[in-house]
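# Examining the three-dimensional arrangement
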Amino acid sequence: MAPPQRILFPPEKICMDWQQRQRAGAGLYNLGNTCFLNSVLQCLTYTPPLANYLLSREHSQSCRQQGFCMMCIMEAHVNKVLRASVRVIQPSAVITVLTREHFQLGMQEDAHEFLRYTVDAMQRACLSRSSDLDISSQATTIVHQIFGGFLRSRVTCLSCRAVSDSYEAFLDVPLHIKAASSVTAALQDFVKPEQLDGKNCFKCSKCDKMVAASKRFTVHRAPKVLTVCLKRFEDFTGRKISKLVEYPEYLDLRPYTSQTAGEPLLYTLYAVLVHSGGSCHAGHYFCYTKASNGLWYEMNDASVDGRGIDTVLRQQAYLLFYDVAVGMEDSPEDSNSSATASTSQLSWAGTWEGSAGRPWPIWPGRLSIASYVGFCLHRFFCGCEEEEEEDGKESKFSTS
């Protein structure tokens, strides 16, 4: 892939660790079927690198955009939630945004659709002062550097074995779960080679004719924050696939990248968005998020209640949010391929037994000693509280 012609946001300024440690912030009032919006906003609010940036108010201090700016709106919302002196607030500014788009106030909407709208709108806000940028430069906004990555689509001619690569930018990864019982199985299906033959034959430039080929997607450049959508709703009927799909606290993305050889590429779960109900047209959304104090909370509109990781991992998840382990931000990239770039859909689920039977990641030798020590200190100071919470009854930290 060609290097960017411009760097819109310095990558070294993105901080993956929380800059402030505190308990969970305010809950959000439901203003009439706005649970889908509330859940997405809470998941974004507790995305560490995004929250760190928005809490600094750096964007609004330099923003020159006239009228609507989603980054300014999110900045104000995150500061309001995390610095609130009350237990519940109204997400009024974001609600106003709904009337600008095809979302209809008072109607139940799809949380994934709203998430994509919000992240896309933030990306557009970051690009508003730039024009005629190449794709690589567009990927250097803070939004794309946090949520975005690139997939590689590799087509291999089955006659001459010639390879053709192309790339697609993505901000989240939709996974089919109809035939999968776990995120692992869904990911295996995602990267499984697809045969192109019959009507789907491939025009090989080397053979100069239509030929049978295989096509395979892999993650070429991994994101700092991995957002996975488990496709629970059928396309035409909206009927829900209600089965439980296992998802881990820790994921290794390495086996699904363009460069499978190498140390594990580890991610940690920090938010889970849940849908309860029988179809996309009805039901209720709520979420679980890990606050900056390292503890998990169930966020159900106005209520914010403490929960343990065991409860978090037993949900009918719709959206999963993972952040990359500190010290592993450099993502794999196949530098040997020549291809064209185009402008949209990851992790092997691995856990290892730690103390008290808890899942524990084995950190690779490539990871710096400082990062490993930092991880251990975090588990020492924050993990103890988590263990106490899980060993006892689930505690209620606040009520609406």
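Along every chain, residues carry numbers that run from 1 in the direction the sequence is written. A pLDDT threshold of at least 70 governs which residues receive local features in this predicted model, and a stricter bar of 80 or more applies before side-chain atom pairs are shown or counted, although totals over entire chains, interfaces and linings include all residues. Excluding hydrogens and water, the side-chain figures rest on all heavy atoms present in the structure.

### Quick look at helix H6 (residues 111-127)
Secondary structure follows DSSP: runs of H or I at least 4 residues long count as helices, runs of E at least 2 residues long count as strands, and numbering of each begins at the N terminus. By this rule, a helix spans an expected 1.5 Å times one less than how many residues it contains. Here H6 is 17 residues long and its end C-alpha atoms lie 24 Å apart, about the 24 Å a rise of 1.5 Å per residue gives. Note on exposure labels: buried denotes an accessible area under 20% of the residue type's maximum, exposed denotes more than 50%, and partly exposed covers the range between, all computed with a 1.4 Å probe on protein chains only. Burial analysis of H6 places 13 of its 17 residues in the buried class, the great majority of the element. Put simply, Asp110 is the residue that caps the front of H6, since its side-chain oxygen is 3.3 Å from the backbone nitrogen of His112. We define a polar contact as two N or O atoms separated by no more than 3.5 Å, with the added condition that, inside protein, one atom must be a possible hydrogen donor and the other a possible acceptor, whereas residues neighbouring each other in sequence contribute only through side-chain atom pairs.

### Some remarks on the side chain of Thr118
Take Thr118: it is sitting in helix H6. A contact between two residues is defined here by any heavy atoms of the two lying within 4.5 Å. When residues no more than four places from it in sequence are discounted, the contact partners of Thr118 are Leu44, Met70 and Met74.

### Some thoughts on the packing of helix H4 (residues 70-82) against H6
Geometry is summarised by axes, namely lines fitted to C-alpha atoms with helices restricted to the contacting stretch, and by angles between N-to-C directions that run from 0 to 180 degrees. In the contact formed by H4 and H6, the axes pass within 7 Å of each other and the chain directions differ by 115°. Every residue of H6 that contacts H4 at Met70, Met71 and Met74 is listed here: Thr118, Ala121, Met122, Ala125 and Cys126. The residue classification treats Ala, Val, Leu, Ile, Met, Phe, Trp, Tyr, Cys and Pro as nonpolar and Asp, Glu, Lys and Arg as charged. All others, Gly included, are polar. Residues belonging to the contact of H4 with H6 are distributed by class as follows: seven nonpolar, one polar and no charged.

### Side note on the packing of helix H2 (residues 48-55) against H4
It is the contact of H2 with H4, at a shortest axis distance of 9 Å, that shows an interaxial angle of 95°. Between H2 and H4, the angle falls in the class roughly perpendicular. Packed against H2, whose contacting residues are Ala51, Tyr53, Leu54 and Leu55, the element H4 presents Met71, Met74, Glu75, Val78, Asn79 and Leu82 at the interface. In terms of residue class, the contact of H2 with H4 is built from eight nonpolar, one polar and one charged. Orientation categories follow fixed angle ranges, with anything under 35 degrees roughly parallel, anything over 145 roughly antiparallel, 65 to 115 roughly perpendicular, and all other angles oblique.

### Considerations on the pairing of strand S14 (residues 296-300)
Of all five residues that make up S14, four are buried, and the element is covered over most of its length. Two strands qualify as a pair provided that DSSP identifies no fewer than 2 bridges between them. Relative to strand S15 (residues 303-307), S14 runs antiparallel, the two sharing five bridges. Counterpart to Asn300 in the pairing with S15 is Ser303.

### Observations concerning the nonpolar core
Among the buried residues, those of types Ala, Val, Leu, Ile, Met, Phe, Trp, Tyr and Cys that are joined through side-chain atoms within 4.5 Å form a nonpolar core. Met71, Phe114 and Leu320 are the most contacted members of the largest nonpolar core, which has 104 residues in total. If sequence neighbours within four positions are ignored, Met71 has contacts with Tyr53, Leu54, His59, Met122, Ala125, Cys126, Ile142 and Val143.

### As for unusual backbone geometry
Backbone geometry places Arg161, a non-glycine residue, at a positive phi of 65°. Here Arg161 lies in the loop between strand S3 (149-157) and strand S4 (163-170). Positive phi values are uncommon outside glycine, yet Asp301 reaches one of about 55°. Along the chain, the position of Asp301 falls in the loop between S14 and S15.

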